Structures are given as structure tokens and as C-alpha cells.
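Reading the structure
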Amino acid sequence: SPLLDGHFDPSGERLAVTDVEGKLNLVVTSDATRQMQAAPAEQFFAADYSPLVRDSHFNVLDAQSHLPPHLMPPGLLVDASGRPHPEAQQPRAPDGLFVDAARTAESEAA
């Protein structure tokens, strides 16, 4: 597939490239290969396939929360069947909390 975009990480050890089919390809040095082997093959956010509805202005909203999809917290990383990945493979915010928990705390504080 034709490539659309690519970027090196700041260390220059990894290259991420996306293609027109939406696939993300990662190219890493031998040192980073060990870290990449631990990553799950399927990675989706729990909210990626939530049902959507349209409001009276034809905006797309999450059917349950009534938020636009881009404003929804991503939830946990899951596989294609919706089963959460182990805690060690879940994204974390800089304070060490799971990303989902950190966003929930931010929205409650607002």
C-alpha cells in the first residue's frame, strides 16, 4: 500500500509509518525490538467501536454518553474481541495512572 506519513521518535531508534489502508508499520533498531515484541498484535481502544447516533444537527455522537467520539475517553486497550490487555500493557499518564483513569479524574475536576 502507498505510504501516507512517517515520523522518527526523538531518539531516532524507531520509525512509524502509516499507509492508505490505515495500517501502522513500526521499524525499530535491534535494541528496541525486544520492547516491540512485548506489544500486543491487536490494539484497539475500548471506545473505538461504540455505537454512534446523530443529533438533530446531524452531528455524530456516542450513543451512550452523547459526546462526540473525538472527545470520549479512549478506555482500556483491548483486542479485536473486546478483551482488555493485561495491566502492564495499558497506557499510562505521566503521573503513573492509567490514561483512562487520569482523564476521568480531569473531567470530574472540571
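The structure under discussion appears in the preceding block.
Residues numbered from 1 in each chain as written. Predicted model: local features only at pLDDT ≥ 70, side-chain atom pairs only at ≥ 80, totals over all residues. Heavy atoms only, no water.

Remarks on the layout of surface pockets
Estimated volume of the largest pocket: approximately 310 Å³. In this structure, the largest pocket is lined by Gly 22, Lys 23, Leu 24, Leu 26, Met 36, Ala 39, Pro 40, Ala 41, Glu 42 and Gln 43. Residue composition of the lining of the largest pocket, by class: 6 nonpolar, 2 polar and 2 charged. (1 Å grid on protein atoms, 1.4 Å probe; cavity = no way out; pocket = protein on both sides within 12 Å on 5 of 7 lines; lining within 4 Å. Points joined across faces, edges and corners; volume = space filled by probe spheres on them. Nonpolar A, V, L, I, M, F, W, Y, C, P; charged D, E, K, R; others polar.)

Overview of the sheet that holds strand β2 (residues 14-19)
Spatially, the 3 strands line up as an open sheet ordered β1-β2-β3, and their pairing is antiparallel. With partners counted over all chains shown, the strands left at the sheet margins are β1 (3-8) and β3 (24-28), one partner each. Neighbour to neighbour, the strand axes of the sheet diverge by 20° on average, direction disregarded. (Pairing = 2+ DSSP bridges. Helix = DSSP H or I, 4+ residues; strand = E, 2+ residues; numbered from the N terminus. Axes fitted to C-alpha atoms, helices over the stretch in contact; angles between N-to-C directions.)

Quick look at the pairing of β2
Sheet analysis places β1 next to β2, joined by 5 bridges and oriented antiparallel. Across the sheet, Gly 6 pairs through a bridge with Val 17, a residue of β2. The hairpin turn running from β1 into β2, its antiparallel successor, is 5 residues long, and Gly 12 in that turn takes a positive phi close to 80°. Pairing geometry for β2 and β3, over 5 bridges, is antiparallel. Across the sheet, Leu 15 pairs through a bridge with Val 27, a residue of β3. Between β2 and the antiparallel strand that follows it, β3, lie 4 residues; Gly 22 among them carries a positive phi value of about 90°.

Spatial relationships are all this shows, so hold off on functional conclusions.
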